[in-house]
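Working through the structure, step by step
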Amino acid sequence: MKFSLNRESLLKPLLLVSGAVERKSTLPILGNVLFDIQGQTLTLTATDLELEMVSATAVENQGEDGKITIPAKKLLDICKSLPEGSMLTFELVNETIKISTGRSKYSLSTLPASDFPNIEKWKGDVEFKLLKSDFLQLIESTHFSMANQDVRYYLNGMSIETEGNEIRSVATDGHRLAICKIAKENLNLPTRQVIVPRKGILEIIRLLSPVEEEVQIYLGSNHIRIIDNLFSFTSKLVDGRFPDYRRVLPRNGDKVLEANKEQLRQVLSRASILSNEKFKGVRLNFLNNELKITANNPEQEEAEEIIEINFPYEPLEIGFNVSYVLDVLNAIKDENVKFTLADAQSSVVIEGCESPQAIYVVMPMRL
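The rules we used
- Residues numbered from 1 in each chain as written.
- Predicted model: local features only at pLDDT ≥ 70, side-chain atom pairs only at ≥ 80, totals over all residues.
- Heavy atoms only, no water.
- Pairing = 2+ DSSP bridges.
- Helix = DSSP H or I, 4+ residues; strand = E, 2+ residues; numbered from the N terminus.
- Axes fitted to C-alpha atoms, helices over the stretch in contact; angles between N-to-C directions.
- Contact = heavy atoms within 4.5 Å.
- Salt bridge = Lys/Arg side-chain N within 4 Å of Asp/Glu carboxyl O.
- Buried < 20%, exposed > 50% of the residue type's maximum accessible area, 1.4 Å probe, protein only.
- Arc of directions from axis to C-beta.
- Parallel < 35°, antiparallel > 145°, perpendicular 65-115°, else oblique.
- Left-handed = near helix turned anticlockwise from the far one by under 90°.
- Nonpolar A, V, L, I, M, F, W, Y, C, P; charged D, E, K, R; others polar.
- Disulfide = S-S within 2.5 Å.
- Core = buried A, V, L, I, M, F, W, Y, C linked by side-chain atoms within 4.5 Å.
- Polar contact = N/O pair within 3.5 Å; in protein donor to acceptor, adjacent residues only side chain to side chain.
- Phe/Tyr/Trp six-rings, centres within 6.5 Å; stacked < 30°, edge-to-face > 60°.

Here we look at the sheet that holds strand β17 (residues 231-236)
Backbone-to-backbone hydrogen bonds pair the strands of a sheet. The strands run either parallel or antiparallel. The strand order across the open sheet formed by 8 strands is β6-β2-β3-β4-β17-β16-β15-β10, and the pairing between neighbours is antiparallel. A single partner strand is all that each edge strand has here, and the edge strands are β6 (66-71) and β10 (126-131). Each strand of the sheet is rotated relative to its neighbour by a mean of 20 degrees, with strand direction disregarded. Sheet topology places strand β16 (residues 223-227) next to β17; 5 bridges connect them, and they run antiparallel. Following the sheet pairing, Arg225 is matched in β17 by Thr234. Helix-sheet contacts for helix α4 (residues 198-207) involve β4 (51-58), β16 and β17, and the interaxial angle to β17 is about 165 degrees.

Structure follows, in structure tokens:
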């Protein structure tokens, strides 16, 4: 096996697949990238047994076709530190891959390609195309509400749902809920729900850019696959039942407040500085023409912020984890936001005034 390519041609696919390399594995092969030379094409594959990333690049093949696995982090560090435009030649000698460029030479140990795990070949039973910008919007609008290392393992991920011409993303950690939906007239999809694990969701955010290019998405019984012209990404699914979130959507909200998102975000951020570090509680007092936000902590420090609002209802006092509300305000792109409230014991519904695709539910706190 012997082939040459320039640094940039290797660095781009290597960076793409490196997100799936297992860093703390007891299996040394998972720290390697599979190099597969077929003709003038080099295909790179990395996996941690949960995720699989595949990307390809053109090479000048000077030897036989073949496969070998190379330590991912060492190779990536070498590529990053080489000067731009460097031409690299790889040659397999015995069990060692020798890399030469200019007057630099490196030898890396390899492991046999036959030991490299391969996510089984499968066919998605639901497939559709979506603009990268739309798919990213679905995920970025809701991902912050996923649980992290919850014993209810099905919450440590995001529910992706298809139904007719609609695709939904749903995430909850039991204290808050985020739902985003996109409808496309050209879609006619079966009703389906899968749970993509947290690591897979964060990897999708890393891989996709908000551009008007289509990406192909396949949903199978155990996997989700995303195919782009630069890469193929596969993630195993979480095996479990996602909670029936429709049952917890508040229906009794009769008090609606519209406010400037940025003004609200700033006063909540300031008040949060003096909230209890553990519980992050802030108290919101809604009066006829003003909203008073207060926070205090065990050191007896206190913050108070007042903004003018239009609230033609009975006064209402309610407590929230300020981090949850700030996460929502950071996710909403609209200038103004709408809060729908019922009473001090009921969850609040928050959404953007101009774009109703995403809705957020935050449970109150007793303060």
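Here's the deal with the sheet that holds strand β18 (residues 255-260)
Read from one edge of the open sheet, 8 strands run β14-β11-β12-β13-β25-β24-β23-β18, paired in antiparallel fashion. At either end of the open sheet lies a strand with only one pairing partner, and these are β14 (189-197) and β18. Taken pair by pair, the neighbouring strands of this sheet meet at an average axis angle of 15 degrees, ignoring direction. Of the strand pairs in this sheet, strand β11 (residues 157-164) and β14 are connected by 7 bridges, and their pairing is antiparallel. Along β14, the bridge assignment pairs Gly157 with Pro197. Sheet strands touched by helix α3 (residues 132-140): β11, β12 (166-172) and β13 (176-183). Its angle to β13, the strand with the most contacts, is close to 165 degrees. Sitting on the sheet, helix α6 (residues 322-331) is in contact with β13, β23 (336-341), β24 (348-352) and β25 (358-362), with an inclination near 170 degrees to β25.

A closer look at the pattern of salt bridges
Evaluated as defined, the whole model comprises 20 salt bridges. Across the salt bridge formed by Lys199 and Asp48, the nearest N and O atoms sit 2.4 Å from each other. You can see Lys199 sitting in helix α4 and its partner Asp48 sitting in the loop between β3 (41-47) and β4, a full 151 residues away along the chain. Look at Lys199 and you get partly exposed, because its relative accessible area is 38%. Across the pair Lys132 and Glu213 runs a salt bridge whose closest N-O atoms are separated by 3.1 Å.

Focus: α4
Gly200, Ile201, Glu203, Ile204 and Leu207 are the residues of α4 that are buried. One side of α4 carries all its buried residues, which in axial view fall inside an arc of 165 degrees.

Side note on the packing of α3 against α4
Relative orientation and spacing of two packed helices are given, respectively, by the angle between their axes and the distance between those axes. Following both chains from N to C, one finds α3 and α4 inclined at 140 degrees, their axes separated by 10 Å at the closest point. The angle between α3 and α4 places the two elements in the oblique class. In terms of crossing hand, the pair formed by α3 and α4 is left-handed. In this structure, α3 uses Phe135, Leu136, Ile139 and Glu140 to contact α4, whose residues at the interface are Ile201, Ile204 and Ile205. Considered class by class, the residues forming the contact of α3 with α4 number 6 nonpolar, no polar and 1 charged.

Quick word on unusual backbone geometry
A negative phi angle is the norm for most residues apart from glycine, just as the trans form is the norm for most peptide bonds. Phi is positive for Lys280, close to 55 degrees, though the residue is something other than glycine. For Lys280, a relative accessible area of 25% puts it in the partly exposed group. One non-glycine residue, Gln300, adopts positive backbone phi at about 65 degrees. Mapped onto the elements, Gln300 comes out in the loop between β20 (290-296) and β21 (302-308).

Side note on the state of the cysteines
Tallying each qualifying case throughout the model produces 0 disulfides. Between Cys180, a free cysteine, and Cys353, which holds the nearest cysteine sulfur, the sulfur-to-sulfur gap is 16 Å. Take Cys180: its relative accessible area is 0%, and that puts it in the buried class.

Some words on the nonpolar core
Formed by 99 residues in total, the largest nonpolar core has its most connected members in Leu10, Phe35, Phe90, Leu264 and Phe286. Considering every element that reaches this core, the biggest residue donor is α6, with 7 residues. Ignoring sequence-local partners within four residues, the contact set of Leu264 consists of Ala259, Leu291, Ile293, Ile307, Leu329, Val337 and Phe339. With 10 residues, the next largest nonpolar core counts Val170, Val238, Tyr245 and Val349 among its residues.

As for the side chain of Asn61
With respect to the helices, strands and loops of the structure, Asn61 is situated in strand β5 (residues 60-61). At 3.1 Å, the side chain of Asn61 and the backbone nitrogen of Gly63 are in polar contact. Looking at Asn61, its side chain comes within polar contact range of the side chain of Asp65, at 3.2 Å.

Points about the packing of aromatic side chains
Under the definition given, this model contains 7 aromatic pairs. Relative to Tyr154, the ring of Tyr153 has its centre 5.8 Å away and its plane inclined at 70 degrees; by these criteria the two rings are edge-to-face. On the basis of relative accessibility, which here comes to 46%, the residue Tyr153 falls in the partly exposed class. Site record: aromatic cluster; members linked through ring pairs are Phe3, Phe35 and Phe90.

Considerations on the environment of Lys105
Along the chain, Lys105 falls in strand β9 (residues 104-109). Of the residues examined, Lys105 reaches a relative accessible area of 71% and is grouped as exposed. For Lys105 and Thr89, which are 16 residues apart along the polypeptide, the C-alpha to C-alpha distance reads 9.6 Å. For Lys105, the contacting residues outside a window of four places in its chain are Ile99 and Ser100.

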